[in-house]
Amino acid sequence: METKDIIKPENLVYGKSELLIDTIMHYCPGCTHGVVHKLIAEAIGEMGIQEKTIGIAPVGCSVFAYNYIDIDWQEAAHGRAPAVATGVVRLNPDKFVFTYQGDGDLASIGAAEIIHACNRGENMLVIFINNGIYGMTGGQMAPTTIENMVTSTTPCGRDSELNGYPLKMTDLVAQLPGTSYVTRQSAQTAAAVRKCKRALKKGIQNVLDKKGTSFVEVISTCNSGWKMTPVQANKWMEENMFPYYPLGDLKDSEKGEPVSKN
Amino acid sequence: MGELRLMKGNEVLAEAAIRCGCDGYFGYPITPQSEVMETLMERQPWNETGMVVLQAESEVAAINMVYGAAGSGKKVMTSSSSPGISLMSEGISYIAGAELPCLVVNVQRGGPGLGTIQPSQADYSQAVKGGGHGDYKMIVLAPSSVQEMNDFVDLAFELAFKYRNPSMILADGAIGQMMEKVELSDYKERWSDEEVIEKSGSWATTGKPSSRERNVVTSLELDSLKMEENNNRFQEKYRRMEAEEQRYEAIQCDDAEYIFVAFGTSARVCQKAVEIAREKGVKVGLLRPITLFPFPKTIIGELAKDVKGFLSVEMSAGQMVEDVKQAVFDAGIIRPVAFFGRMGGIIPTPGEVVEALEQKLLKEKR
Amino acid sequence: MAKVKGAVVVDVEVCKGCDLCVQTCPEDVLALHREVNSRGYHYSFMKNPESCTGCTNCAVVCPDTCITVYRAKVRA
């Protein structure tokens with residue numbers, strides 16, 4: 001069978017989600033943001049909730065998330081996305097509201113907002129992209145930068161005596177009674193991406209079921225900021241970040257439901 | 001006639017919000033305005049009108065909750081006092097930049113810094129000149145009575161939605177804490193979701209149906225030419241406000257030779273000072289700006305033709321006086337514009353005001 | 001026994017040549033082209049189209065969603 005005979009509409013097994021806007025993303029080659037954006041678009045499309053979805057974009061590389069997914073969006077000030085989302089969801093309790101935040105946004109300048117939104121159990125999904133660095137401003141240390149990692153503001157590596165320790169936000173929010181589902185995912189392999197998508201869909205479903213805050217951290221790469229190729233960055237992430245930020249569910253309020261194994 | 005009550009200014013703010021169909025209040029406690037949220041929590045409007053009331057973790061969070069809710073087309077507000085308004089300034093700038101309607105109430109206290117909890121008007125410049133970053137303006141209303149604390153809530157929302165712009169009620173600790181007779185407004189229904197879509201569906205995040213493009217609430221535009229275009233649009237809007245919304249009260253200005261210009265609590269003091277001065281044989285009037293932005297410069301320009309001078313009376317080091325001078329200058333008239341004020345939470349006495357008039361304006365003339 | 005055969009279409013102009021699809025392909029179908037697209041990226045293409053099974057792994061990991069995957073059953 002020739003390739004041209006296979007490429008026919010009836011044989012389509014993977015295509016671009018209709019919710020992904022037809023434009024070229026501004027992200028660097030290999031950036032995890034693109035993968036997670038795609039998963040959000042796919043999940044919202046497959047769950048048929050475009051009309052009730054409101055996304056809150058952060059400040060950081062993903063400030064332009066609203067250019068890529070075809071839903072209503074609000075662009076928040078740096079770190080304030082959980083407060084903005086709170087305002088939206090409190091007055092629109094039947095909408096699906098999610099925030100999309102990086103590690104500088106969520107774990108540093110917006111630490112108060114995320115802790116309190118999760119503690120109130122705001123009925124929303126938080127998507128936390130943790131690549132351990134400030135991407136947009138040029139590779140400075142983030143609160144989640146792991147020890148000894150070189151960044152433009154820790155040129156000799158992060159020294160915990162000087163800079164404190166990498167902050168495990170996901171472990172913190174898992175302690176809060178307002179969160180129902182807290183998980184740490186990644187998106188560097190096909191299996192990881194598929195698993196991450198299931199986690200996002202579960203988070204969305206929890207919000208639709210009004211279970212409080214769901215929190216999905218995605219350990220991500222910033223190959224430009226890390227000064228590596230995308231492939232090297234994935235390897236570095238697996239070897240260096242996963243030991244400190246182990247993947248898996250930290251909390252799942254639906255007791256008795258088996259945690260997905262793949 | 002509406003329901004008559006004896007109430008505190010701060011309590012009236014809460015009552016007026018419920019009655020005018022406000023959808024949500026987000027706040028953080030700070031003296032001297034904590035009664036606003038306390039009254040709302042006591043009244044439990046969520047049982048009555050469905051209005052949401054939430055105590056945020058900070059003023060920063062509160063204003064961003066307002067941003068979110070306002071972005072979805074709802075009628076929402078917050079209130080605070082001076083240090084809290086400083087914290088909110090970032091959010092107010094974003095709200096102005098994203099052109100969202102909302103109400104921010106500042107029941108001012110003396111500064112700078114933690115300052116005092118006594119009344120002050122030292123946030124005038126912050127309120128009318130911007131406060132946060134970037135070229136933006138808020139519509140600023142200055143109540144001088146508990147009755148106006150009631151009336152201006154509805155008016156502030158009306159103007160906010162008319163111009164898609166944040167409105168501020170700039171009160172002070174005295175207006176917030178004093179009790180007066182007030183005629184409460186009648187109840188208005190909150191807007192239904194359908195009405196919100198009808199009014200604001202072209203820009204608000206109400207959820208994207210297939211029938212329209214997605215709505216994005218943002219103040220970001222990296223293309224400088226487009227950002228300048230946005231700024232031009234904002235400025236055009238502010239000029240329209242200046243043309244259409246100047247509000248003031250003129251008291252005994254018809255035969256006046258001198259004019260006190262004062263707002264809020266200072267205006268109440270000046271009303272008494274007008275009486276004292278007239279008893280002494282000096283014909284004085286009071287021009288009370290009700291909108292601080294847009295500043296009622298047209299009437300000041302007109303009055304300048306007939307009077308010998310102005311005294312701006314403020315509970316600050318002299319902030320509004322600059323706008324009075326500018327209004328007189330813009331009218332192409334040369335008249336002395338003097339200033340008298342007290343700071344740090346002190347309210348001037350009518351006697352002090354008359355004395356200042358004599359020292360600063362009458363003495364020089366004679 | 002039914003066998004499956006796949007094919008992918010890369011949106012050449014959208015591809016940024018990040019190489020993730022090439023590395024993830026279990027059948028070694030993909031490679032980065034010698035040529036570059038208009039933005040200067042060595043885009044991904046099917047170097048060994050006959051090996052493709054249409055597993056979709058390449059499209060799943062693609063950050064720019066520029067890969068469309070097709071799969072058909074063929075009689076052995």
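In the annotation of an unreviewed UniProt entry, the entry for chain B reads 3-methyl-2-oxobutanoate dehydrogenase subunit VorB, and the organism field reads Mariniphaga sediminis.

By the naming in an unreviewed UniProt entry, chain A is 2-oxoglutarate oxidoreductase, taken from Mariniphaga sediminis.

K.L.:
Run through the overall build of chain A, naming residues and quoting values.
P.N.:
If you tally the helices and strands in chain A, you get 10 helices and 10 strands. The principal-axis extent of the C-alpha atoms belonging to chain A is close to 60 × 50 × 35 Å. Within the span of chain A, comprising 262 residues, buried residues form 59% of the whole. A sequence separation of at least 24 residues applies to 68% of the contacts in chain A between residues at least 6 apart. Just so you have it, chain A exposes about 9,700 Å², and 54% of that area is on carbon and sulfur atoms. Averaged over its 25 positive side-chain charges, chain A has a centre that lies 3 Å from the centre of its 28 negative ones.

K.L.:
Describe the sheet that holds strand S1 (residues 12–14) of chain A, and please don't skip the residues or the numbers.
P.N.:
Read across the sheet, three strands follow the order S1(A)-S4(C)-S1(C) without closing on themselves; strand pairing throughout is antiparallel. The sheet terminates laterally at S1 of chain A together with strand S1 (2–10) of chain C, the two strands that pair on one side only. Strand after strand, the sheet turns through a mean of 35° between neighbouring axes, direction not considered. In terms of strand pairing, S1(C) meets strand S4 (residues 67–75) of chain C through nine bridges, oriented antiparallel. Residue pairing in the sheet places Lys5(C) in a bridge with Ala72(C) of S4(C).

K.L.:
Can you lay out the UniProt feature "domain: Thiamine pyrophosphate enzyme TPP-binding" (unreviewed entry) in chain A for me, pointing to particular residues and giving the numbers?
P.N.:
The UniProt record annotates "domain: Thiamine pyrophosphate enzyme TPP-binding" (unreviewed entry) at residues 66–218 of chain A. As annotated, residues 66–218 of chain A comprises 37% helix and 23% strand, and the C-alpha atoms at either end are separated by 19 Å.

K.L.:
Any chance you could break down the packing of aromatic side chains for me, citing the residues and the numbers?
P.N.:
Residues and elements named next belong to chain A. Per the counting criterion, the structure on display carries 10 aromatic pairs over all chains. Considering the side-chain rings of Phe-64 and Tyr-66, the 6.0 Å spacing of their centres and the 80° angle between planes classify their relative orientation as edge-to-face. Neither residue differs from the other here; Phe-64 and Tyr-66 are each classed as buried. Relative to Tyr-245, the ring of Tyr-244 has its centre 5.0 Å away and its plane inclined at 85°; by these criteria the two rings are edge-to-face.

Reading the values: the criteria
Residues numbered from 1 in each chain as written. Chains lettered and ligands numbered in written order. Predicted model: local features only at pLDDT ≥ 70, side-chain atom pairs only at ≥ 80, totals over all residues. Heavy atoms only, no water. Helix = DSSP H or I, 4+ residues; strand = E, 2+ residues; numbered from the N terminus. Buried < 20%, exposed > 50% of the residue type's maximum accessible area, 1.4 Å probe, protein only. Contact = heavy atoms within 4.5 Å. Areas by Shrake-Rupley, 256 points an atom, 1.4 Å probe, with all protein chains shown as cover. Lys, Arg positive; Asp, Glu negative; His and termini not counted. Charge placed at Lys NZ, Arg CZ, Asp CG, Glu CD. Pairing = 2+ DSSP bridges. Axes fitted to C-alpha atoms, helices over the stretch in contact; angles between N-to-C directions. UniProt positions renumbered as here; feature names shortened; annotations may be inferred. Phe/Tyr/Trp six-rings, centres within 6.5 Å; stacked < 30°, edge-to-face > 60°.

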